[in-house]
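This is what each chain is made of:
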Amino acid sequence: MAKLLKPKSNWNGKLIALDDGHGMQTPGKRTPYIPELGRSIRENEFNRKVVAFLSDILLEHGFRVLLVAPTDVDTPLNYRTDSANNYKADIYVSIHYNAMSFDFDYSTASGISVHVYLDNLKYESGKLARAVGKYLQRGTRQNWRGYKEDNFHVLRETNMPAILTENGFMDNREEALMMLNEDFQKEVAIEHAQGICEYFGVFYKGTGGLWDKGYLERGDYGVQVKQLQEDLLFLGYDLGGYGADGSFGPATENALKQFQKDQGLVQDGIYGPNTKAAMDDAVAAYEEKLREELIMEKNIFIVNSFKDVAAVEKALKRNGGALKFRYNAEREEVNATDNLYIVGGGRDGLKLGKGKVIDLSGDTAEATASNLYNHFNLV
C-alpha cells in the first residue's frame, strides 16, 4: 500500500506524490551488461534512491510525501495513480531513466527530458515541468531534450498536476554508470526539490546536514536509515515488527547491536564506518549465497529484445517460466529444468546449459512468431 510520510516540523499544507518508476525485477528495465560491474544496472536502482533522497529534502521543507510504490515490486500503474487521487495529492512526480534499446552501440541518445500529459504544457502541469526542468538543466552537463507531451498512464489518470522526468539513458554507457553515483542521485533529487519548492512558492533552504554526518545513531531518520534497516532485515535481524520505516529507534539500535556482536565489533549501536563495511560485506556474501541456491526455472524463453516479449506472453502464462534477453544469454550460462526456448536469432553465441534446447527462430520476426504459436498451439 502507499506510504504517507509526515515532516517533523510544521506541515506546509502540501502533499507530494512520488513515484519511483518500475520495480527492481521489471523485465527489460535495466542497462545493457556492463563488464566492469559484471552485471546490468536496474532502472529502479536509480529511481528509488532519487525518490528516497527527494523525500528527505521535501520533509525538511515541511511537505508531506506520499510514496505510491514504496516496495521493490512493480506496483501496478492504476494503484499508483489511485493512491495519489485518493489521498488528494497536490502534485505527482514520477522519476525515470530512459532507453532506446538494450545495446550501448544501438544509438547515441542521451540527456534529460520532462514529460506532461497531451496538451498540458499550457496548464499547471506545464508550470511544474518548467520549474523542475529549469533546475535539472543546471546540474551535471547532459543533453537537454526539452519538455514533452505524452499519453502516459501516470500523467493521464492523475487528478493533479503531474510530471514524469527522464534523467538519462540506460543505453548510453556514460549515463548508465551515473545511475549508481550517489552524488548524482542526490543532485537529481535536489534539482527536483528546488523546482517543487519554486512551484509552490516555498523558500528552498538547502539540504543542511541531511547526509553529511558520516554515521547513524538513534534518533536519525531518512533514506540512509531505511537502507540500514533493509540490510538488517535482509540478513534476518528482527526490527520488532516496525520494518524499514526510515526512523532509527530502539528496535533498530538493538538489531544493530546484535549484528555488531555477531561480527565481533564494538556493540555501541552506532552505524559508523567499521560497522558499515562489515554490513556491506555481510550483505554481499548473503546475496551470493542466495544466487547459488536459486532454483532454476522450469522453462526459459530467450528473446532478442523487449519488443519480442509480447509474442511469448501467452506461452509464458500457459507453460510457466521466465524471460531471458539474448545479450544476457550470450554472457551468462542459461539453465532450465525442462526447456530452453530460443525465440529468434538462432542459438549461435548463446551460452546454453541445462535444459532441452528448442529453437523456434524463423527467417523473419513474423516467421518466428508463427513458429512459436504453432509449437504451443496458441490462438
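Refer to the structure printed above.
Scope of this entry: the structure provided in the associated data block. (Residues numbered from 1 in each chain as written. Predicted model: local features only at pLDDT ≥ 70, side-chain atom pairs only at ≥ 80, totals over all residues. Heavy atoms only, no water.)

Of note, Lys 88 is a non-glycine position whose phi angle comes to about 55°, a positive value. Inspection of the secondary structure puts Lys 88 in the loop between helix 2 (77-86) and strand 4 (91-98). A positive phi angle, close to 65°, is found at Asp 119, a residue other than glycine. Here Asp 119 lies in the loop between strand 5 (112-116) and helix 3 (124-136). Asp 119 sits in the partly exposed class, given a relative accessible area of 41%. (Helix = DSSP H or I, 4+ residues; strand = E, 2+ residues; numbered from the N terminus. Buried < 20%, exposed > 50% of the residue type's maximum accessible area, 1.4 Å probe, protein only.)

Let us look at the pairing of strand 10 (residues 339-343). Counting buried positions along strand 10 gives five out of five residues, so the element sits mostly inside the fold. Neither face of strand 10 is left uncovered, since the one carrying Asn 339, Tyr 341 and Val 343 and the one carrying Leu 340 and Ile 342 both have all their residues buried. In terms of strand pairing, strand 8 (residues 299-303) meets strand 10 through five bridges, oriented parallel. Bridged to Ile 302 within strand 10 is Ile 342. (Pairing = 2+ DSSP bridges.)

By the definition in use, this model includes 14 salt bridges. Here Arg 80 makes a salt bridge to Asp 74, at a shortest N to O gap of 3.2 Å. Judged by relative accessible area, which is 0%, Arg 80 ranks as buried. Residues Glu 157 and Arg 156 are paired through a salt bridge, measuring 2.7 Å at the closest nitrogen-oxygen approach. By relative accessible area, Glu 157 is classed as partly exposed at 33%. For Arg 156, a relative accessible area of 34% puts it in the partly exposed group. Through salt bridges that share partners, Arg 48, Asp 72, Lys 226 and Glu 230 make up one connected network. (Salt bridge = Lys/Arg side-chain N within 4 Å of Asp/Glu carboxyl O.)

Positionally, Ser 94 belongs in strand 4. Residue class for Ser 94 comes out buried when judged on its relative accessible area of 0%. Once residues lying within four places of it in the same chain are set aside, the contact partners of Ser 94 are Asp 19, Val 154, Ile 163, Leu 164 and Thr 165. (Contact = heavy atoms within 4.5 Å.)

Over its twelve residues, helix 12 (residues 365-376) runs 17 Å from end to end, which matches the ideal 16 Å to within 8%, given 1.5 Å per residue. Residues Thr 368, Leu 372 and Phe 376 constitute the buried set of helix 12. With its buried residues spanning 50° around the axis, helix 12 presents them on a single face. Opposite the buried face of helix 12, at more than 90 degrees from it, the exposed residues are Glu 366 and Asn 374. In the stretch just after helix 12, Asn 377 is the one whose phi turns positive, near 55°. (Expected span 1.5 Å × (residues − 1). Arc of directions from axis to C-beta.)

Attention now goes to the packing of aromatic side chains. Scanning the model with the defined rule gives ten aromatic pairs in all. Measuring from centroid to centroid gives 5.9 Å for Tyr 237 and Phe 259, while their planes differ by 80°, and the two rings are edge-to-face. Of this pair, Tyr 237 sits in the loop between helix 7 (223-234) and helix 8 (250-262) while Phe 259 sits in helix 8; the two residues are 22 residues apart in sequence, bridging distant segments of the chain. Taken individually, Tyr 237 and Phe 259 each receive the classification buried, so the pair is uniform in this respect. Here a set of aromatic residues connected by ring pairs shows up, and it is made of Phe 46, Tyr 97 and Phe 184. A cation sits over an aromatic face here: Arg 64 above Trp 11, 3.8 Å from the ring centre. For Arg 138, the ring lying beneath its charged end belongs to Tyr 135, and the centroid distance is 4.9 Å. (Phe/Tyr/Trp six-rings, centres within 6.5 Å; stacked < 30°, edge-to-face > 60°. Lys NZ or Arg CZ within 6 Å of the ring centre and 35° of its normal.)

In this section: the environment of Leu 177. Relative to the helices and strands, Leu 177 is located in helix 5 (residues 173-178). The partly exposed category is assigned to Leu 177, whose relative accessible area is 34%. Considered as a pair, Leu 177 and His 192 are 15 residues apart in the sequence and their alpha carbons are 21 Å apart. If near-sequence neighbours (up to four positions away) are discounted, Leu 177 is found in contact with Ile 34, Glu 36 and Leu 37.

The end-to-end C-alpha distance of helix 8 is 18 Å, a good match for the 18 Å that 13 residues give at a rise of 1.5 Å each. Of all the residues in helix 8, the buried ones are Ala 251, Thr 252, Glu 253, Ala 255, Leu 256, Phe 259 and Gln 260.

Keep in mind that these numbers describe shape and distance, not what the molecule does.
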